[in-house]
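# Secondary and tertiary structure notes
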Amino acid sequence: MTATIRLSVLDRSRTRRGRPPGEALRDTVRFAQQTEALGYHRFWVAEHHGVPGVAGSAPTVLAAAVAAATSRIRVGTGGVMLPNHRTLVVAEQFGVLESLFPGRIDMGLGRSVGFTDGIRRALGTEKEAMGDFGAQLAELEGWFTDGPRPHPEVHARPAEGLRIPAFVLANEAGADLAAAAGAALVIGGLTGDERTLAAIGRYRAAFRPSAWWQQPYVVVAGNVAVAATREEARRLLVPEAWALAHSRTHGVFPPLEPAEETEARAMTDRERRLYEDGLRGHLHGTEDDVAAALGTLLDRSGADEVLVTTSSYDREALLDSYRRLARIAVGTGVPV
């Protein structure tokens, strides 16, 4: 590699077929301890509602468990979905986290709503709520800074006065919202395609300093799989690729299944196409392969950090992948 980079982790608490959801949450806490020992910089958890394949539905609650079980690694959310929540409540939750674990909490925020119409109704929101994301970000900042907000007589305790780094999870269009809010940008795209690079450029050019960040900060997120051979690394990506294909053909995002079962599965033409699509756009291979690919990504994007989001059925192989990735960073003088 020709540049330095921080490596961090987003774990979605993916369930495995035939195993209880609670096990996935306990696995997440244990995985945080393991990645902390490997030297990773952050460990984030996600928010999903009513999804059979994801146990993580309450990210600030899970973040508290992760922070309590670790001592150094930064802990946060990737992310709390603002359309699903009142900004006062979000500020209070992160204020409690930061007060309990000072200097270790990140506030990752997204604008997604529920997976289905039924989930959105249960949450009391609609797709149109995503359009208010910019205003929600501004309102949330106000609770921390005693700035403008709809109810100036109300104060967020214990959040007011605390400085918790805010990150916006965004696609190409959302990069502009992150810039306007003065938040760090988290954007998917480890292959460094032109649209991603253009969005990063727009974000940097339009960034407005805020109470959260004085300078732009870019995190590029995606799946990275490292193994002794390219085929072994690719196999790590198979369970998630099939789960994605299944969700797009059956409307349900399922628990992960063993890679060998997916590879032997008879698929319809549409399922096969979606499955193959799900295997593209990731970084995978041997340590030399991935080191070269990350070096190219950093050279092209100038990213400050890589957030690794890989999930797989085989947890031992998954941990080995993260171990190999950490070794790549150490071997090239890159801080994790």
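Attention here is on the structure that accompanies the text. (Residues numbered from 1 in each chain as written. Predicted model: local features only at pLDDT ≥ 70, side-chain atom pairs only at ≥ 80, totals over all residues. Heavy atoms only, no water.)

Mapping Thr310 onto the fold places it in the loop between strand E11 (305-308) and helix H12 (315-331). The class for Thr310 is buried, based on a relative accessible area of 1%. For Thr310, the side chain forms a polar contact with the main-chain oxygen of Val224, separated by 2.7 Å. Aside from chain neighbours lying at most four places away, what touches Thr310 is Gly222, Asn223, Val224, Ala225, Leu237, Leu318 and Tyr322. (Helix = DSSP H or I, 4+ residues; strand = E, 2+ residues; numbered from the N terminus. Buried < 20%, exposed > 50% of the residue type's maximum accessible area, 1.4 Å probe, protein only. Polar contact = N/O pair within 3.5 Å; in protein donor to acceptor, adjacent residues only side chain to side chain. Contact = heavy atoms within 4.5 Å.)

Burial runs high along strand E7 (residues 184-188): 4 of the 5 residues are buried. Here strand E6 (residues 166-170) runs beside E7; their pairing, made up of 4 bridges, is parallel. From the neighbouring strand, Leu169 faces E7, where its bridge partner is Val186. Crossover connection from E6 via helix H6 (residues 174-181) to parallel E7: handedness right-handed. Strand direction decides the pairing type here: E7 and strand E8 (residues 218-222), joined by 4 bridges, are parallel. Within E8, the position partnered with Ile187 by the bridge is Val220. For the crossover from E7 across helix H7 (residues 194-206) to E8, the handedness is right-handed. (Pairing = 2+ DSSP bridges. Right-handed = clockwise from strand over helix to strand, strands pointing away.)

Burial along strand E2 (residues 42-45) is two-sided: Arg42 and Trp44 and Phe43 and Val45, pointing in opposite directions, are all buried. Pairing between strand E1 (residues 6-11) and E2: 3 bridges, direction parallel. In the strand pairing of E2, Leu10 is matched with Trp44. Assessed by its sense of winding, the connection that carries the chain from E1 through helix H1 (residues 21-38) to E2 is right-handed.

Axis separation between helix H2 (residues 59-69) and helix H3 (residues 87-100) bottoms out at 10 Å; the angle between their running directions is 0°. The orientation of H2 relative to H3 falls into the category roughly parallel. Here H2 contributes Thr60, Ala63 and Ala64 to the contact with H3, which in turn contributes Gln93, Phe94 and Leu97. Class assignment of the residues belonging to the contact of H2 with H3 gives a composition of 4 nonpolar, 2 polar and no charged. (Axes fitted to C-alpha atoms, helices over the stretch in contact; angles between N-to-C directions. Parallel < 35°, antiparallel > 145°, perpendicular 65-115°, else oblique. Nonpolar A, V, L, I, M, F, W, Y, C, P; charged D, E, K, R; others polar.)

This structure, assessed with the given rule, holds 7 aromatic pairs. Plain terms: the ring middles of Phe31 and Phe43 are 6.0 Å apart, the flat faces sit at 80° to each other, and that makes the pair edge-to-face. Placement of Phe31 in helix H1 and of Phe43 in strand E2 is noted, with a sequence separation of 12 residues between them. Comparing Phe31 with Phe43, the two get one shared label, buried. Each ring, one from Phe31 and one from Tyr322, has its centre 5.0 Å from the other, and the planes form 85°; the classification is edge-to-face. Residue Phe31 is located in helix H1, and its partner Tyr322 is located in helix H12; the two are separated by 291 residues in the primary sequence. For Tyr322, a relative accessible area of 1% gives the class buried. Geometry around Phe31 places Arg315 over its ring, the cationic atom sitting 5.6 Å from the centre. (Phe/Tyr/Trp six-rings, centres within 6.5 Å; stacked < 30°, edge-to-face > 60°. Lys NZ or Arg CZ within 6 Å of the ring centre and 35° of its normal.)

Read these as geometric descriptors, not functional statements.
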